[in-house]
Amino acid sequence: MQRIGEATVRVFKTLAGVEKDEPAASWVFALYSFLFLVAMMLVIGWLGG
């Protein structure tokens, strides 16, 4: 659990532009893809429901 928390902190610091010591391009891509999919499902549910 601690490693997951540390990785999450690094990702959010990278997104905020605070820390650049570790490349997190795949994490950033996965995070934004997940958020985009959730947003699309909410929009489709709102339009259809």
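These figures come from a predicted structure and were not determined experimentally. (Residues numbered from 1 in each chain as written. Predicted model: local features only at pLDDT ≥ 70, side-chain atom pairs only at ≥ 80, totals over all residues. Heavy atoms only, no water.)

**Observations regarding the overall build of the protein**
Okay, step 1: The secondary structure content of the protein amounts to two helices and zero strands.
Okay, step 2: Out of the 49 residues in the protein, the part that is buried amounts to 10%.
Okay, step 3: Accessible surface, the protein as shown: approximately 4400 Å² in total, 72% of it carbon and sulfur. (Helix = DSSP H or I, 4+ residues; strand = E, 2+ residues; numbered from the N terminus. Buried < 20%, exposed > 50% of the residue type's maximum accessible area, 1.4 Å probe, protein only. Areas by Shrake-Rupley, 256 points an atom, 1.4 Å probe, with all protein chains shown as cover.)

**Some thoughts on a nonpolar patch on the surface**
Okay, step 1: Taken together, Phe-12, Leu-15, Tyr-32, Phe-34, Leu-35, Val-38 and Leu-42 make up a surface patch of nonpolar side chains, about 700 Å² in accessible area.
Okay, step 2: Secondary-structure elements contributing two or more residues to the nonpolar patch are helix 1 (2-16) and helix 2 (25-48).
Okay, step 3: Per element, the largest residue contribution to the nonpolar patch is five residues, and it comes from helix 2.
Okay, step 4: Mapped onto the elements of the fold, Tyr-32 is located in helix 2.
Okay, step 5: On the basis of relative accessible area, Tyr-32 is assigned to the partly exposed category, the value being 49%. (Patch = residues over 30% accessible without salt bridge, like charges linked within 9 Å, V, L, I, M, F, W, Y side chains within 5 Å. Salt bridge = Lys/Arg side-chain N within 4 Å of Asp/Glu carboxyl O.)

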